[in-house]
Structures are given as structure tokens and as C-alpha cells.
Amino acid sequence: MAPPFAARLEALQGWRASMLAGLGEVDRFLAAHDLRDRTVAARIAALRRRLAGDKRMLAVVGEFSRGKSELINALLLAGCGRRILPATPGRTTMCPVELGYEIGTRPSVALLPMETRRDEATLAELRADPARWTRFEFDLGDPARLAELLAQVAATRGASLDEARALGLWDDAQPQANPPVDAQGQVEIPLWRHALVNHPHPLLRRGLAVLDTPGLNALGAEPELTLGLLPAAQAVVFVLGADTGVTRSDLELWRDHLASRPVAHFVVLNKIDTLRDPLLAPDAVAQQIETQRRTVAQSLGVDLGAVFAVSAREALVARIEGDAGALERSGLPRLETALAAGLLDEGREGLQRLIGDALGDLRARTTHRLGERRRQIAEQTLELRGLRGKSSARLRAARQRVAVEEHDFERCMVQIQALRAVHKRLLEQALTALAGEGLRREVEQLQQALRPALFRLDTRAAFGALCARLRESLGQGEARSVEIQAMLAAGCTRLNAEFGFAIELPPPPALAHFGDELALIESSYARYLGLAGALRLLQPRAMEQFKRMLLSKLRVVFESAGAEIELWSRSLIAQIDAQVGERRSAFARRAAALERIDQAAGELERRLAELAAQDTALLRAQGRMGELVEALLTAPAMPEPAARERRVAVP
Ligand SMILES: Nc1nc2c(ncn2[C@@H]2O[C@H](COP(=O)(O)OP(=O)(O)O)[C@@H](O)[C@H]2O)c(=O)[nH]1
Ligand SMILES: [Mg+2]
């Protein structure tokens, strides 16, 4: 009873593996033909990293006790033969739990102590610092041990008000959100801040990651979850309880954090088993479930097809007991089919496009360089044919001609040096516009502006101003790269005309999508600022953390934009260098050939034959490169998701 998305993940994995293998072959081909300069190598390496690290994150979100953890137990962990994530009354998830797998590592549970919230490091930074985590390994044959370890994610402890305040778990400004204080003046706080489960489950091995969350509106959840983890998810499962219906807090959570996220949404109406009634006919119960589904779709403003009526508990039991009929009745398989389509196809197209673009570009450049080599061979052939039956004096004259041509050619180096100097200056300007230092200043300024704005409840204006300035910086980076392009274009035209180069300008990097990413960050942070979130920022610790998270998000966008400009402009310079190198070695080969011809009879014809053979090999290489790229571009994609899978009706 493997989940239906296993097959699809398998296909995705297969596609990825064949792409990786194909890229490896292209890489080896280029190296063998002396076509793999530094920028080509960097580009291929970047593609391979993207392919290898292509993870899909599914976030499961909802209010406390809707059955999120139980749903993950049924979706992913039923193979353990027991309940693994704590999901019983009185034992609920207290911290975000991420399930995933790093290939080549041991199964483990890593827990981040709540105390780490005292300092300002963000979760993203702490991830890279294993010393801060408490790590336990487990044996795959021992599910009881895994369940015991995961009981920790429900663990709590008592803390004084001062301590809770310092950890950002108590806010005097929001009494309604605070945990209750016991007779000793203590509050109950989560023991852990975050949990990472490293489990080689077949789905996790294939790049799926699943995020289980405590309630989002809980004070403890704050920025990390809504600003850091949720935006990284490709799909969100929003869990409601059939026993509670859509409550006000469900609706708030949906509206404030989920509805406007540009990712696939799946709404789960869980616990439909609670609607079963021995005094009602099964038809009448089904009718009730259907009515409730409609109500849910209406209240959330989603398609009926996106609402899945499920019993996570019955699904888990059915899987453990191997009862196919009960599993079907639990409604889970339908959800899984939809998840497979929504989660796995999402993003793959983008990756495919990226690879297609890069390969197309690589093929064009390679064909061009091979063509250039063939042109030089043709010229040499012509020159040598002209020497057939000619005297030694004529040969000497030809050798002198090569020397003069070479000397003429070397004059181009002055122009190239000048071009390089201007390029370097413009590139530096472009990169400065996108550098981290400026970003930090901007975000610091925002912090200054936010403080008074918080009291006026006018944070959006301050944040809007920051975003406008950031867009301007991005625009400046873009403007510089247009200048670089224009400057290099003029220089290259001159070089091509005067020295017979065949330099082709690659199209300038497309930076528009960085603007889109900036807009995405802008909207999720603006949403946060509009909410109770803004109030939380009155706490200095929360403000500091907000600032650091914002900065790290922005850095990724700006640094990637800078890297793209740099790679693009360096690839152009590399092209010039490669052509200079090829021209120089062509001169050397011509001179050496003429010398040998002068010394040995028969050498001329031998050299002509050699040139003809080289030309044939180059022609073959051109064809081979085309074949390699074509094979990759038309690699069998994944099975198309059947249209009806996306809109299943529930009986
Ligand atoms: N009847 C019923 N109870 C469920 C179902 N799923 C979860 N529960 C119960 O609801 C409670 C909360 O579940 P849990 O998974 O911890 O909720 P979470 O806080 O959203 O992770 C637990 O007592 C579960 O046993 C279900 O499908 N049917
Ligand atoms: Mg839970």
C-alpha cells in the first residue's frame, strides 16, 4: 500500500538522475575537446547543484489539535507499525518538526534547545552549527525508540516570567496570547525550539521534506515559522477538524498566513470519523461530510476540489493493519494523489527551463568555437595548397608573413587590456550596488524608522520605503550590467572587425525574477508587520530577530543577482581569452608546419591530410555536442498528472 506519490517521486528522481548523468557527459565531452573553460565549468556545476539539491517541502499547518501530526503519521510513518509523532490528547507538538533526509548520513533526531532564543542567531544560521543541537541517533529497526525520541517535541518545562520574557514567550503587551501562570508564578514553555528528523524513508530519500508545526498563532511560533520556514514550502496542507468546523482562529490563521501565499494549497477536513453515527444511515453521514466540505470551501474561498475529507487516525490504523478498504474509506489516498500532482510537478518545469536555457547557450557557444577552429583550418589549408610545388624562398616568405600577421594580431592586446579595465570598474560598481554592506545599512535604517512607526501603527510606510530603496539598488545593478553589455559590445565589434575575432555577446542576464523574489519577500514581511507581529516587534529581541531574518532573506536575492551578473560578464571575458589563446596557438602551429615543410619533402601533403582529418573530427564533435544536448532536452519527462486528479469529488 505504497502512497501513490511514491511512483511520482520515483519518476522525478529518475528524471533528475538522468539529467545529472547527461550533464556529466556534456562536461566530459567539453573537457575532452578543450572547450571547458572556467565559466563553462562553473555553469555546469551550478546546474548540477540545483538538480542534486532540489528538495520539495510540504508544510502542514493548522491550529492546535486538528490532527496535523496524526496526518503525517499516516502519510509517512505508518511503515513503522505504530504511532511515531506524538498525537494523543495532552501530548501535542510544541515546536516545528522537520522531517527529511540527507543522503549518506545516519538516522537521527536533532533538537534545538529553546535557550538558543536568548541570542540573536536565526534558525537558518543555527542549522549550520551542529554544536548547538542535541542529537540522538536511532536504529531503523527500533520504531519504539524513534517514537520515544519524538516524544521530546511535545516536552515542556516550567519557567519564570522573566525567563519566558527573555525567550520571547511572554509579551506584556498581549496578555491574551500569553500562557497561563501557575500558583508558583511559573509558565509552561516548550523545551525545544526546533526538531530535525533525519530519516531515510523512501520519500524523504527522494528529496521530500515535511514540516509539522505547532499552532501558528501561538506566541512561541513567531517570526521564524511564518517568515522563514513557511515561505520555503512548495505546498501547504491546511488542517481543519470536522469536529470543530471552521473556527474563528482557523479562519484568521488561513487569512493572515496562508491564503495569499503563491503555493499549492490543500485543505484537509480531518477527523471525519467523528461524524459517523450508528443511528444514521451511511448515506446520511456521507451527505453531512459533503455539506461540511462545501462550507469549508466557501468560508476559505477555495475550490471544492481542494478540500479533502479525511480521517488521519483511521488511515494510520488501516495502514498499520494493512486494511485496503478502510484506507480507501479514510479518504487519505485521494489526498495523496493530489499532493503528488501539486507538490512534485510544481517547480520541475522551472528547473527544466533553467537547464534548457543553459544547455542551449552552451551548445551555441560550443558550436561557435568549433566553427571558429574549422575556419582557421580552412585558412591554413588554403595557404598550404598555395605552396604546392613552390620554392624554398616562397616558403620563407610565407613564414615571414605568419610572423608579421602574428605581430599585427598582438596589437589587439592593448585594446583588450583597456576593455578589461573598464569592465572591471563597471562590474565593481554593479556588485557594490548589490553588496551586503549596503543592505545592512538599509535594514538598520528600517529598524530606526520602525521604532517610532510601531507606536503610530504605521509600519507599512517605513517598510514600503525600504522596499522602494531596495528595488532601486537592484535597478542600479541592472543598469550597470546594461552598461557593461553596451561597452563590451562596442569593444567586441571593433575587435571582430580589426582582428578577425568572432566574439559573440551572450544575452545580458535576466534579473527580472530577482525583482519578483524581492516582491515576494516584501509581501510576506508586510503581512507580518500588519498583524500582531508588529506589536511583537516592540520587544527588542523580536526586533533584532526580525532584522536578521529580513537581512538574510534579502542577502540571498541580492547575492544571487550579483553572482549572475558576475558570471555573465566573466563568461564574456573568458570567451575573449579563449579566442586569443586559440589564435596564438594557430599562429604557432602554422609557423611550425611551414618550418617542417621547408625541411622535409612530402611534409606538405602530410600536413594537408592532417588538417583534413582535424576538420572531420571537429565536424563530428559539433554533431556530437548537438546530440548530447538534444538527448538532455528531450529526456523523458515525468508522467503527466491526470487532469482529474486535481479535482476529485468526495462521495
Ligand atoms: N477522531 C479522530 N481523532 C483524531 C484524528 N486525527 C487526530 N486525532 C486526535 O486529535 C488530537 C490532536 O491530534 P494531533 O495530531 O496531535 O493534532 P495537531 O496538534 O494538529 O498535531 C489527538 O488526540 C489525536 O489522536 C482523526 O482523524 N480522528
Ligand atoms: Mg502536532
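Residues numbered from 1 in each chain as written. Chains lettered and ligands numbered in written order. Predicted model: local features only at pLDDT ≥ 70, side-chain atom pairs only at ≥ 80, totals over all residues. Heavy atoms only, no water.

How would you sum up the packing of aromatic side chains? Please name residues and give values.
A complete count under the given rule lists six aromatic pairs for this structure. Judged by centre distance (5.2 Å) and plane angle (35°), the ring pair of Phe238 and Trp254 falls under tilted. Here Phe238 is found in strand β9 (residues 235-241), whereas its partner Trp254 is found in helix α9 (residues 248-258), with 16 residues between them in sequence. Each member of the pair Phe238 and Trp254 is classed as buried. Seen from their ring centres, Phe463 and Tyr525 are 6.4 Å apart, and the 25° between their planes marks the pair as stacked. (Phe/Tyr/Trp six-rings, centres within 6.5 Å; stacked < 30°, edge-to-face > 60°. Helix = DSSP H or I, 4+ residues; strand = E, 2+ residues; numbered from the N terminus. Buried < 20%, exposed > 50% of the residue type's maximum accessible area, 1.4 Å probe, protein only.)

Give me the sheet that holds strand β3 (residues 108-113): which residues, what numbers.
A sheet is described by the order of its strands in space; here nine strands give the open sequence β4-β3-β7-β2-β8-β1-β9-β10-β11, paired in mixed fashion. Strands at the two margins of the open sheet, each flanked by one partner only, are β4 (134-137) and β11 (307-309). Sheet twist, expressed as the mean angle between neighbouring strand axes with direction ignored, is 20°. As paired elements, strand β2 (residues 97-100) and strand β8 (residues 208-212) share three bridges and run antiparallel to each other. By the bridge assignment, Val97 is partnered in β8 with Asp212. Along the sheet, α9 contacts β1 (56-62), β9 and β10 (264-270); its crossing angle with β9, the most-contacted strand, is approximately 170°. (Pairing = 2+ DSSP bridges. Axes fitted to C-alpha atoms, helices over the stretch in contact; angles between N-to-C directions. Contact = heavy atoms within 4.5 Å.)

Could you give an account of the nonpolar core, naming the residues involved and the relevant values?
With 140 residues, the main nonpolar core has Leu71, Phe546 and Leu550 as its most contacted residues. With 18 residues, the top contributor of residues to this core is helix α21 (residues 540-599). Not counting residues within four places of it along the chain, the set of residues in contact with Leu71 comprises Val237, Val239, Val268, Val310, Ala312, Leu332 and Leu335. If you look at the next biggest cluster of nonpolar residues, it comprises 33 residues, including Ala110, Leu126, Leu211 and Val307. (Core = buried A, V, L, I, M, F, W, Y, C linked by side-chain atoms within 4.5 Å.)

A description of the pattern of salt bridges should follow, citing residues and the corresponding values.
This structure, assessed with the given rule, holds 46 salt bridges. In this structure, the salt-bridge partner of Glu605 is Arg388, at a minimum N-O distance of 2.8 Å. One end of the pair, Glu605, is in helix α22 (residues 603-633); the other, Arg388, is in the loop between α14 (348-385) and α15 (392-410), and 217 residues separate them in sequence. Its relative accessible area of 40% is what places Glu605 among the partly exposed residues. (Salt bridge = Lys/Arg side-chain N within 4 Å of Asp/Glu carboxyl O.)

Tell me about the site of ligand 1, residues and numbers included.
Close contacts around ligand 1 come from 20 residues, with Ser65, Gly67, Lys68, Ala87 and Asp273 the closest. Asp273 is positioned with one of its side-chain polar atoms (N or O) 2.7 Å from a nitrogen atom of ligand 1. Considering ligand 1 on its own, with 570 Å² of exposed area, one finds that the protein chains cover 95% of that surface. At the level of elements, α3 (68-76) and α11 (312-321) are the ones that each hand at least two residues to the shell around ligand 1. At three residues, the largest contribution of residues to the shell around ligand 1 is made by α3. Residue classes in the shell around ligand 1 are distributed as four nonpolar, nine polar and seven charged. (Near = heavy atom within 4 Å. Polar contact = N/O pair within 3.5 Å; in protein donor to acceptor, adjacent residues only side chain to side chain. Areas by Shrake-Rupley, 256 points an atom, 1.4 Å probe, with all protein chains shown as cover. Nonpolar A, V, L, I, M, F, W, Y, C, P; charged D, E, K, R; others polar.)

Lay out the pairing of β8 in plain terms, naming residues and giving numbers.
In terms of burial, β8 is largely enclosed, as five of its five residues are buried. Every second residue of β8 is oriented toward a common face, with Leu208, Val210 and Asp212 on one face and Ala209 and Leu211 on the other, all of them buried. The pairing of β1 with β8 spans five bridges and is classified as parallel. Of the residues in β8, the one forming a bridge with Val60 is Asp212.

Any details on the coordination of the magnesium ion (ligand 2)? Residues and values, ideally.
The textbook angles at a metal center are 109.5 degrees for a tetrahedron of four donors and 90 or 180 degrees for an octahedron of six. The magnesium ion (ligand 2) binds to the protein through Ser69 (OG) and Thr93 (OG1); the donor distances cover 2.0 to 2.1 Å. Taken together, the residues span a long stretch of sequence, with Ser69 in helix α3 and Thr93 in the loop between α3 and β2 at a distance of 24 residues. As far as burial versus exposure is concerned, Ser69 and Thr93 are alike and both buried. (Donors = N, O, S within 2.8 Å, 3.2 Å for Na, K, Ca; no water.)

Which residues make up the side chain of Glu603, and what are the values?
With respect to the helices and strands, the residue Glu603 is situated in helix α22. The buried category is assigned to Glu603, whose relative accessible area is 10%. Reaching out from Glu603, the side chain makes a polar contact with the side chain of Arg596 at a distance of 3.0 Å. Apart from residues no more than four positions distant in its own chain, Glu603 is found in contact with Arg596 and Ile597.

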